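Examination of the molecular architecture
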Amino acid sequence: MRLLIAEDDRDIARALTALFEHNHYSVDTVYNGNDGCDYALSGNYDGIILDIMMPGRDGLAVLRILRDAGVRTPVLLLTARGEVEDRVNGLDAGADDYLPKPFAASELLARVRAMLRRRENYQNDLLEYQGLSLNLSTFELGFQGRVLRLVSREFQMLQLLMESPGAVISTDQFMERIWGWDSDVEVSIVWVYISNLRKKIDKLAAPVNIKAIRGAGYCLERK
């Protein structure tokens, strides 16, 4: 899952980034509403966390622009404001949820999980293909009672593959969705993680293969 965080308080932004990355999310972080709007309009995110009070466009303005542009990505508003009128304005502008500061990290994570479950085409916390299962809550890969826990990048890459079995996902798509636009990581890292995933799938003896398609990318197929 890839999240966008728009929060002008850099200490809070760093803390949120660390929290979500520790919980196996990929995160892009920006510090003003103008950048938040530009990033969010790309449509490359599974969820967006917006602070209301930001320089440039405020969170509500960003949200209205997104909804007017047809971007349906779930949005959680995060703000120091706690009055009923502010919550109503945020929800009326198209927010999916609203959490006033201060908040507990566990509640924020739970609200984001719930928000992502409600998004279009999202079914449940378990992805399955040919008996191979990926638990989106525990980050565990399982087959016929055997279970392995995946590290963050492995989990995110396999999630993309298992959400669309048979569909080809390019190296550029992996880089953009998991490492982000601004990453200076070499593209060869994708091959490294694909190799690790293949070894873990083989260790489970699952009838599944990650096929490399020359010049195109990778897809999940039955052995």
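Report follows, based on the coordinates. (Residues numbered from 1 in each chain as written. Predicted model: local features only at pLDDT ≥ 70, side-chain atom pairs only at ≥ 80, totals over all residues. Heavy atoms only, no water.)

1. So, the sheet that holds strand S9 (residues 146-149)
Here we have 4 strands laid out as an open sheet, ordered S6-S7-S8-S9, and antiparallel in their pairing. Strands at the two margins of the open sheet, each flanked by one partner only, are strand S6 (126-129) and S9. Neighbour-to-neighbour, the strand axes of the sheet open up by a mean angle of 20°, direction not taken into account. Sheet analysis places S6 next to strand S7 (residues 132-135), joined by 4 bridges and oriented antiparallel. (Pairing = 2+ DSSP bridges. Helix = DSSP H or I, 4+ residues; strand = E, 2+ residues; numbered from the N terminus. Axes fitted to C-alpha atoms, helices over the stretch in contact; angles between N-to-C directions.)

2. Observations concerning the environment of Ile 169
As for its placement among the helices and strands, Ile 169 is situated in the loop between helix H6 (152-163) and helix H7 (171-179). The exposure class of Ile 169 is buried, given its relative accessible area of 10%. Residues Ile 169 and Gly 217, spaced 48 residues apart in sequence, show a C-alpha to C-alpha distance of 5.3 Å. With residues near it in sequence (within four places) discarded, Ile 169 still touches Leu 160, Leu 161, Phe 174, Ala 216, Gly 217 and Tyr 218. (Buried < 20%, exposed > 50% of the residue type's maximum accessible area, 1.4 Å probe, protein only. Contact = heavy atoms within 4.5 Å.)

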